[in-house]
Amino acid sequence: VGIVNANPDSFSDGGAHAGTDRAVRHGLRLADQGADVVEVGGESLRFAPPSPPELEIARVVPVIERLASELTVPVAIDTYKPEVARAAIAAGAAILNDPTGLREPEMARLAADAGVGVVAGHFFGPPKVRPTSFPDVDVPAVVATWARERVAWAGERGIPPERLVIDPGVGLGKSPPQDLDLLRRLDEVVAAGRPVLVPISNKKVLGAITGAPATRRLSGTAAALAWCRSRGATLFRVHNVRFLRGALEVAEALASGRPRRWHDVEK
């Protein structure tokens, strides 16, 4: 899943792709580099006041309209706001990625009525609010239980399991040690029975481990993706598609004993 940040304050790219034309060009480039989904977001989860829905809509809708008309891969919207989700789906988004796991009741109704795919993320606490403390719980066990319950909960609201993907919510209301434990025991979340998407690209836990700033966490991201693939994750939300797709292809080949295909190379 290739990330297009249409907002000017992304923690990872600093707004390098903000603005409709730049965001569309980046989305097309990500698809050309091998992204199977192009995801558009209009608000960072930085600890700052939320953007008004109208502003977020203005950022993402023109981008989604153009990408949906030009790409052969699906376009996703990353938002926790029903107003934004509704506008994005109308503009052509085929997947709704809600980092708060459909916490707003209207989100489930929108997804069910539109028949879109859903990524439900696990989030301790409210978005955009800096935690003053972290829950003293066994995070992997809590997330695994939540995932099983969320699948049943979504089904009761008209979202069948085959349209639901689980995001364990790395960095969302969790401390770096909790994120590390969650990634180490990711197979417990995978055991819930739905595909797991890992949003580890350039995340804070990697900086906490390596000391690298967000713009220099590519090697840490690659290592984390290879590990998560070995634990059963099958979807990966990333900023650098070309590099990380290659890392995942090698990780998959090592896990299965064969690559998806052999390439003819001289050396």
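The preceding data block contains the structure.
Residues numbered from 1 in each chain as written. Predicted model: local features only at pLDDT ≥ 70, side-chain atom pairs only at ≥ 80, totals over all residues. Heavy atoms only, no water.

**What to know about the sheet that holds strand β1 (residues 2-5)**
Next, step 1: Here we have six strands laid out as an open sheet, ordered β1-β2-β3-β4-β5-β6, and parallel in their pairing. Bordering the open sheet on either side are β1 and β6 (164-167), each of which pairs with just one other strand. Here the strands of the sheet are splayed against their neighbours by 20° on average, with no regard to which way each runs.
Next, step 2: As defined by bridge partners, strand β4 (residues 95-98) adjoins strand β5 (residues 117-121) across four bridges and the pair is classed as parallel. Directly across from Asn 97, in β5, lies its bridge partner Val 119.
Next, step 3: Relative to the sheet, helix α1 (residues 20-32) contacts β1 and β2 (38-41), its axis offset from that of β1 by approximately 175°. (Pairing = 2+ DSSP bridges. Helix = DSSP H or I, 4+ residues; strand = E, 2+ residues; numbered from the N terminus. Axes fitted to C-alpha atoms, helices over the stretch in contact; angles between N-to-C directions. Contact = heavy atoms within 4.5 Å.)

**Concerning empty space enclosed by the protein**
Empty space among the atoms becomes visible once a probe the size of a water molecule is rolled across them.
Next, step 1: Evaluated as defined, the whole model comprises one cavity of 30 Å³ or more.
Next, step 2: Put simply, the largest cavity is a space of about 40 Å³.
Next, step 3: Lining the largest cavity we find Glu 43, Leu 45, Glu 56, Asp 78, Thr 79, Tyr 80 and Pro 99.
Next, step 4: Residues that form the lining of the largest cavity fall into these classes: three nonpolar, one polar and three charged. (1 Å grid on protein atoms, 1.4 Å probe; cavity = no way out; pocket = protein on both sides within 12 Å on 5 of 7 lines; lining within 4 Å. Points joined across faces, edges and corners; volume = space filled by probe spheres on them. Nonpolar A, V, L, I, M, F, W, Y, C, P; charged D, E, K, R; others polar.)

**Here's the deal with the pattern of salt bridges**
Next, step 1: Using the criterion set out here, one finds 16 salt bridges in the structure.
Next, step 2: When the shortest N-O distance is used, the salt bridge between Arg 237 and Glu 39 registers 2.6 Å. Taken together, the positions of Arg 237 in the loop between β8 (235-236) and α10 (241-256) and Glu 39 in strand β2 put the pair 198 residues apart, joining distant regions of the chain.
Next, step 3: Owing to a relative accessible area of 2%, Glu 39 belongs among the buried residues under this scheme.
Next, step 4: A salt bridge links Arg 245 to Glu 249; the shortest N-O distance between them is 3.7 Å. (Salt bridge = Lys/Arg side-chain N within 4 Å of Asp/Glu carboxyl O. Buried < 20%, exposed > 50% of the residue type's maximum accessible area, 1.4 Å probe, protein only.)

**Thoughts on the pairing of β5**
When a strand is regular, its side chains alternate between the sheet's two faces.
Next, step 1: β5 sits mainly inside the fold: five of its five residues count as buried.
Next, step 2: Of the two faces of β5, the one carrying Gly 117, Val 119 and Gly 121 and the one carrying Val 118 and Ala 120 are both buried.
Next, step 3: The parallel pair β4 and β5, bridged by helix α4 (residues 105-114), forms a crossover whose chirality is right-handed.
Next, step 4: In this sheet, β6 lies alongside β5 in parallel orientation, the contact comprising four bridges. Residue Ala 120 lies in a different strand from β6, and its bridge partner there is Ile 166.
Next, step 5: Between the parallel elements β5 and β6, the chain passes through helix α5 (residues 139-156) in a crossover that is right-handed. (Right-handed = clockwise from strand over helix to strand, strands pointing away.)

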